[in-house]
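Listed below are the residues making up each chain.
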Amino acid sequence: MASGKSSNRAEVPEAREALDQFKYEVAQELNIPLKRGYNGDLTSAQNGYVGGYMVKKMIEEQERQMSGRR
């Protein structure tokens, strides 16, 4: 990352709680046992899958909004 800042932060701090909730909802949908606190028992692939799926769902929602569909 060019700026040297951590990428694990919300650009809009007020959105942090909603993003965390979304993360747990996605993990549950994917049957990945993500829990609050320590998750060292999960593989990097499992964690990456949750993050990737979150991005996919956010892009789909933005596309729906841009197209005027709901």
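Scroll up a little and you will see the structure.
These numbers were taken from a predicted model, which means no experiment stands behind them.

**Concerning the overall build of the protein**
- Secondary structure summary: the protein contains two helices and zero strands in total.
- Considering only intrachain contacts with a sequence separation of at least 6, the fraction spanning at least 24 residues in the protein is 32%.
- Per element, the accessible surface of the protein, about 5600 Å² overall, is 52% carbon and sulfur.

**Side note on the packing of aromatic side chains**
- Using the criterion set out here, one finds one aromatic pair in the structure.
- Ring geometry for tyrosine 49 versus tyrosine 53: centroids 6.4 Å apart, planes at 40°, classification tilted. Residue tyrosine 49 and its partner tyrosine 53 are located together in helix H2 (residues 44-67), separated by four residues, close to a single helical turn.
- Tyrosine 49 sits in the partly exposed class, given a relative accessible area of 48%.

**A short note on the side chain of asparagine 39**
- Inspection of the secondary structure puts asparagine 39 in the loop between helix H1 (16-29) and H2.
- Look at asparagine 39 and you get buried, because its relative accessible area is 16%.
- Here glycine 37 takes part through its backbone oxygen, which lies 3.1 Å from a polar atom of the side chain of asparagine 39.
- If we skip the residues at most four places from it in the chain, asparagine 39 touches Pro33 and Leu34.

**Considerations on the nonpolar core**
- Phe22, Tyr24, Val26, Ala27, Leu30, Ile32, Leu34, Leu42, Val50 and Met54 form the largest nonpolar core, which has 10 residues in total.
- Elements that contribute at least two residues to this core include exactly H1 and H2.
- When residues no more than four places from it in sequence are discounted, the contact partners of leucine 30 are Tyr49, Val50 and Tyr53.

**Let's talk about a nonpolar patch on the surface**
- A cluster of nonpolar side chains, contributed by Val55, Met58 and Ile59, occupies part of the molecular surface with about 250 Å² of accessible area.
- Mapped onto the elements of the fold, methionine 58 is located in helix H2.

What counts, and where the lines are drawn
Residues numbered from 1 in each chain as written. Predicted model: local features only at pLDDT ≥ 70, side-chain atom pairs only at ≥ 80, totals over all residues. Heavy atoms only, no water. Helix = DSSP H or I, 4+ residues; strand = E, 2+ residues; numbered from the N terminus. Contact = heavy atoms within 4.5 Å. Areas by Shrake-Rupley, 256 points an atom, 1.4 Å probe, with all protein chains shown as cover. Phe/Tyr/Trp six-rings, centres within 6.5 Å; stacked < 30°, edge-to-face > 60°. Buried < 20%, exposed > 50% of the residue type's maximum accessible area, 1.4 Å probe, protein only. Polar contact = N/O pair within 3.5 Å; in protein donor to acceptor, adjacent residues only side chain to side chain. Core = buried A, V, L, I, M, F, W, Y, C linked by side-chain atoms within 4.5 Å. Patch = residues over 30% accessible without salt bridge, like charges linked within 9 Å, V, L, I, M, F, W, Y side chains within 5 Å. Salt bridge = Lys/Arg side-chain N within 4 Å of Asp/Glu carboxyl O.

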